[in-house]
Amino acid sequence: MAESFLMEVCVDSVESAVNAERGGACRLELCSSLLEGGLTPSLGLLQVVKQHVRIPVYVMIRPRGGDFLYSDQEVEVMRKDIELVKSQGADGLVLGALTEDGRVDAELCMELLAIARPLPVTFHRAFDMVHDPSVALEALISLGFQRVLTSGCDSSALEGLPLIKRLIDQAKGRIIIMPGGGITERNLQRILEGSGAQEFHCSARSSRDSAMKFRNTCVMMGASFSAPEYGLKVADVSKVRTLNAIAKNTL
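Procedures and definitions
Residues numbered from 1 in each chain as written. Predicted model: local features only at pLDDT ≥ 70, side-chain atom pairs only at ≥ 80, totals over all residues. Heavy atoms only, no water. Helix = DSSP H or I, 4+ residues; strand = E, 2+ residues; numbered from the N terminus. Rg over C-alpha atoms; globule rule 2.2 N^0.38 Å. Areas by Shrake-Rupley, 256 points an atom, 1.4 Å probe, with all protein chains shown as cover. Lys, Arg positive; Asp, Glu negative; His and termini not counted. Charge placed at Lys NZ, Arg CZ, Asp CG, Glu CD. Buried < 20%, exposed > 50% of the residue type's maximum accessible area, 1.4 Å probe, protein only. Arc of directions from axis to C-beta. Contact = heavy atoms within 4.5 Å. Core = buried A, V, L, I, M, F, W, Y, C linked by side-chain atoms within 4.5 Å. Pairing = 2+ DSSP bridges. Axes fitted to C-alpha atoms, helices over the stretch in contact; angles between N-to-C directions. Parallel < 35°, antiparallel > 145°, perpendicular 65-115°, else oblique. Left-handed = near helix turned anticlockwise from the far one by under 90°. Nonpolar A, V, L, I, M, F, W, Y, C, P; charged D, E, K, R; others polar. Salt bridge = Lys/Arg side-chain N within 4 Å of Asp/Glu carboxyl O.

K.L.:
Hey, could you go over the overall build of the protein for me, with residue numbers and the actual values?
P.N.:
Regarding its fold elements, the protein presents eight helices and ten strands. Taking 2.2 N^0.38 as the reference for a compact globule, 251 residues should give roughly 18 Å; the C-alpha atoms of the protein span a radius of gyration of 18 Å, in line with that estimate. Along the first, second and third principal axes, the C-alpha atoms of the protein reach 55 × 45 × 35 Å. Accessible surface, the protein: about 12,100 Å² in total, of which carbon and sulfur atoms supply 53%. In the protein, 27 side chains carry a positive charge and 31 a negative one; their mean positions are 7 Å apart.

K.L.:
Lay out helix α7 (residues 188–195) in plain terms, naming residues and giving numbers.
P.N.:
Every buried residue of α7 is listed here: L188, I191, L192 and S195. Each buried residue of α7 sits inside an arc of 95° when the element is viewed along its axis, so together they form one side. Turned more than 90 degrees off the buried face of α7, the exposed positions are R190 and E193. Among the structural elements, α6 (161–171), β7 (176–179), β8 (199–202) and α8 (237–250) are those in contact with the buried residues of α7.

K.L.:
Pulling in residues and values, what's your account of the nonpolar core?
P.N.:
Among the nonpolar cores identified, the biggest contains 69 residues, and L28, L93, F123, L137, F145, I177 and F200 are the most heavily contacted of them. Per-element accounting of this core gives the leading share, six residues, to α6. Once you skip the residues sitting within four places of it in the chain, I177 turns out to touch L137, V148, T150, I164, L167, I168, A171, A197 and E199. Of all hydrophobic cores here, the second largest spans six residues; its members include C10, C31, L34 and Y58.

K.L.:
Mind laying out the sheet that holds strand β6 (residues 147–150), listing which residues take part and the relevant values?
P.N.:
Strand order across the open sheet formed by eight strands is β7-β6-β5-β4-β3-β2-β1-β8, with parallel pairing between neighbours. The sheet is open, and its two edges are formed by β7 and β8, each paired on a single side. Put simply, the sheet's adjacent strands are angled 25° from each other on average, direction ignored.

K.L.:
Residues and numbers for the packing of helix α1 (residues 14–23) against helix α2 (residues 43–52), please.
P.N.:
Between α1 and α2, the least distance of the axes is 9 Å, while the angle of their chain directions is 30°. With respect to α2, the axis of α1 lies roughly parallel. Considering how the two elements wind past one another, α1 and α2 form a crossing that is right-handed. On the side of α1, the interface is formed by V14, A17, V18 and E21, while α2 contributes L45, V48, V49 and H52. Looking at the contact of α1 with α2 residue by residue, the classes come out as six nonpolar, one polar and one charged.

K.L.:
Explain the pattern of salt bridges to me, using residue names and the numbers behind them.
P.N.:
Within the structure shown, the criterion is met by 14 salt bridges. Among the ionic pairs, E8 bridges to R27, the shortest N-O distance being 2.6 Å. Pair noted here: E8 is in strand β1 (residues 6–11) and R27 is in strand β2 (residues 27–30), with a separation of 19 residues, a long-range link. E8 gets classed as buried once you look at its relative accessible area, which sits at 1%. With a shortest N-O distance of 2.5 Å, E15 and R208 are connected by a salt bridge. Taken together, the positions of E15 in helix α1 and R208 in strand β9 (residues 205–209) put the pair 193 residues apart, joining distant regions of the chain. The structure contains a network of salt bridges with shared partners spanning E8, R27, R147 and E199.

K.L.:
Give me the lowdown on the environment of E193, citing residues and values where you can.
P.N.:
The topology assignment puts E193 in helix α7. A relative accessible area of 52% means that E193 is categorised as exposed. Distance in space between the C-alpha atoms of E193 and E159 is 14 Å, their sequence separation being 34 residues.

Coordinates in, geometry out; function isn't part of it.
Here it is, written out as structure tokens:
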């Protein structure tokens, strides 16, 4: 059983991608702006990450932060982004869309999946915003998604553990249920044992200080809730290794 688990690490920089692979990650979810839950990364980032790692790189397709109800113009951006990241070597995609009443937007997802072929596609944590998770899961299975990333429709995968377990039981192997959201070395064993999941998603990040010596502390580049200007969050090799070891020992 020790060989049967898979750890996916979400990253938004080349440094984090390299660290995740060094720590034992089996797959990367490549994003920008993890502070907003992950947005579509630049093509430059994808190209350089692909040059530095060998593990599969799944690319986030999400044109903006906020909800998952998209305008016609945003859908056009998503279409173009899928075509572009496919052309630059993406190994898989991560996307999702909902209707205004909290259901999986089957029509839009079907269109995006067609453009994505033959790449495997994960339905992201838009799932955690659906009205009825059981119905939504059946929709994703029918559409042909390979997996769904979920915190169990709660604030973290630990809080959502009962639902994650029910979803895995419901799926019966027809789709992979991948817990994600607040997973750390302190709760991973409980989540894996309590759910029966064989894959999990984490960021495994640590903060480190900027190398900048001159600092203008009066200016912020983003809104007041944004990350500190002189602090960086990157995937931590030791944290990834620790999570990897916990998963091996648990499964």
